[in-house]
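# Structural characterization, general
Now for the letters of each chain:
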Amino acid sequence: MLKLTDVTVRFGAFQALNNINIEVEEGELVVLLGANGAGKSTIFNAISGLSKPTVGDIRFLGESVKGNSPDRMVKVGVVQCPEGKKLFPDMTVQQNLMMGGFVHRGKKTQLKNSLEEVYELFGILRDKKDDSAGSLSGGQQQMLAIGRALMSKPKLIMLDEPSIGLAPLIVEQMFSIIQKINQSGTTVLLAEQNANAALKIADRGYVIENGAVVLKGSSAELFNNDAIRKAYIGA
Ligand code: ATP
């Protein structure tokens, strides 16, 4: 479904990504593991059109999408839920969700259906639909950010560190929601530092260090890898 071939991204003299090769099949849940600054967000930005690869190609559903604008990527079915959520804190929960549904502009029924699906998944967002986004708890804001990304009914959703800063109980809920999103038919690419939780729900994973893929494998292979256990699982 998604294929990155030798993707390289430079910021001036700094090479943030170096020949990245990543594939995601339709229906999969794939995790990118890596420490702060490893390059996970830059990989997402390259896919979503926010940063341009200097070298390499990105294909989605058989077509080259390298150089597409971010809103074009949303239209072809790829949406990114950024780290730090990037909500509009003074707008209501529902207004934030509507912003995510811009691809359905002029199609009232589709917009209504999308909103209903998001409220089905996140009941708390329905309860708080008229509250300002800024008044929500950290976990609720993360749910709103994911909900907003789902409003466009993406084929592939990229979630950047959805568990960051959340209490352990909420992290557990968050991962079970991500699994549910995947099981309902949306392909998921997840960037995480919480390897333990992410590998429990992922099919496969890639380990990113200094802008390069240093290891890849099934979740079980990565979970049982000594270096991964030492660096990311702490066992
Ligand atoms: P984090 O979780 O901290 O975001 P990450 O794995 O997502 O980590 P990136 O944000 O992709 O890492 O950053 C990779 C490297 O590229 C870092 O060294 C970062 O400082 C650098 N970088 C990212 N964006 C830019 C930019 N616009 N200009 C210059 N350097 C950048």
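Residues numbered from 1 in each chain as written. Predicted model: local features only at pLDDT ≥ 70, side-chain atom pairs only at ≥ 80, totals over all residues. Heavy atoms only, no water.

Per an unreviewed UniProt entry, the recorded name for the chain is ABC transporter ATP-binding protein, and the organism is Planococcus notacanthi. Comment text from UniProt for the chain, heading Sequence similarities (unreviewed entry), reads "Belongs to the ABC transporter superfamily." (UniProt positions renumbered as here; feature names shortened; annotations may be inferred.)

### Quick notes on the side chain of Asp160
With respect to the secondary-structure elements, Asp160 resides in strand β7 (residues 156-160). It turns out Asp160 is buried and unbridged, and the closest side chain with the opposite charge, Lys40, is 6.0 Å from it. Side-chain polar atoms of Asp160 contact the side chain of Ser41, separated by 2.8 Å. Discounting chain neighbours no more than four positions away, the residues touching Asp160 are Ser41, Phe44, Cys81, Pro82, Glu83 and Ala191. (Helix = DSSP H or I, 4+ residues; strand = E, 2+ residues; numbered from the N terminus. Buried < 20%, exposed > 50% of the residue type's maximum accessible area, 1.4 Å probe, protein only. Lys, Arg positive; Asp, Glu negative; His and termini not counted. Salt bridge = Lys/Arg side-chain N within 4 Å of Asp/Glu carboxyl O. Polar contact = N/O pair within 3.5 Å; in protein donor to acceptor, adjacent residues only side chain to side chain. Contact = heavy atoms within 4.5 Å.)

### A closer look at the pattern of salt bridges
Enumeration over the complete set of coordinates arrives at 8 salt bridges. Among the salt bridges present, the one from Glu28 reaches Arg204, with a minimum N-O distance of 2.8 Å. Pair noted here: Glu28 is in the loop between β2 (14-24) and β3 (29-33) and Arg204 is in strand β9 (residues 204-209), with a separation of 176 residues, a long-range link. Relative accessible area serves as the criterion here: at 22%, Arg204 is assigned to the partly exposed category. The closest approach of N and O atoms between Glu116 and Arg126, which form a salt bridge, is 2.9 Å. Taken together, the positions of Glu116 in helix α4 (residues 108-121) and Arg126 in helix α5 (residues 123-127) put the pair 10 residues apart, joining distant regions of the chain. The class for Glu116 is partly exposed, based on a relative accessible area of 38%. Relative accessible area serves as the criterion here: at 31%, Arg126 is assigned to the partly exposed category. Among the charged side chains, a network of salt bridges with common partners joins Glu116, Glu120 and Arg126.

### Comments concerning the environment of Leu29
Along the chain, Leu29 falls in strand β3. The class of Leu29 is buried, set by a relative accessible area of 0%. Counting along the chain gives 163 residues from Leu29 to Glu192, while the straight-line C-alpha distance between them is 12 Å. Leaving out residues up to four positions away in the same chain, Leu29 has contacts with Ile178, Gln179, Asn182, Val188, Leu190, Ile201, Ala202, Asp203 and Arg204.

### So, the side chain of Thr187
Examined against the element boundaries, Thr187 turns out to sit in strand β8 (residues 187-192). Of the polar contacts made by the side chain of Thr187, one reaches the backbone nitrogen of Gly27; its length is 2.8 Å. Contact partners of Thr187, with chain neighbours within four places excluded, come to Met1, Val24, Glu25, Glu26, Gly27, Glu28, Lys155, Leu156, Ile157 and Asn182.

### Overview of helix α7 (residues 168-183)
Given 3.6 residues per turn, any residue in an α-helix points the same way as the ones three and four places further on. With 16 residues, α7 should cover 22 Å at 1.5 Å per step; its first-to-last C-alpha distance of 23 Å lies within 8% of that length. Three or more residues of α7 are buried, namely Val171, Met174, Phe175, Ile177, Ile178, Ile181 and Asn182. Looking straight down α7, one finds its buried side chains confined to an arc of 160°; they lie on one side. Summarising the geometry of α7, the exposed residues directed more than 90 degrees from the buried face are Leu169, Glu172 and Gln183. (Expected span 1.5 Å × (residues − 1). Arc of directions from axis to C-beta.)

### A few points about the environment of Asp6
On the secondary structure map, Asp6 appears in strand β1 (residues 2-11). Once the C-alpha coordinates of Asp6 and Gly56 are considered, the two residues, 50 residues apart in sequence, prove to be 4.6 Å apart. Once residues within four sequence positions are removed from consideration, Asp6 is found in contact with Asn19, Ile20, Asn21, Val55 and Gly56.

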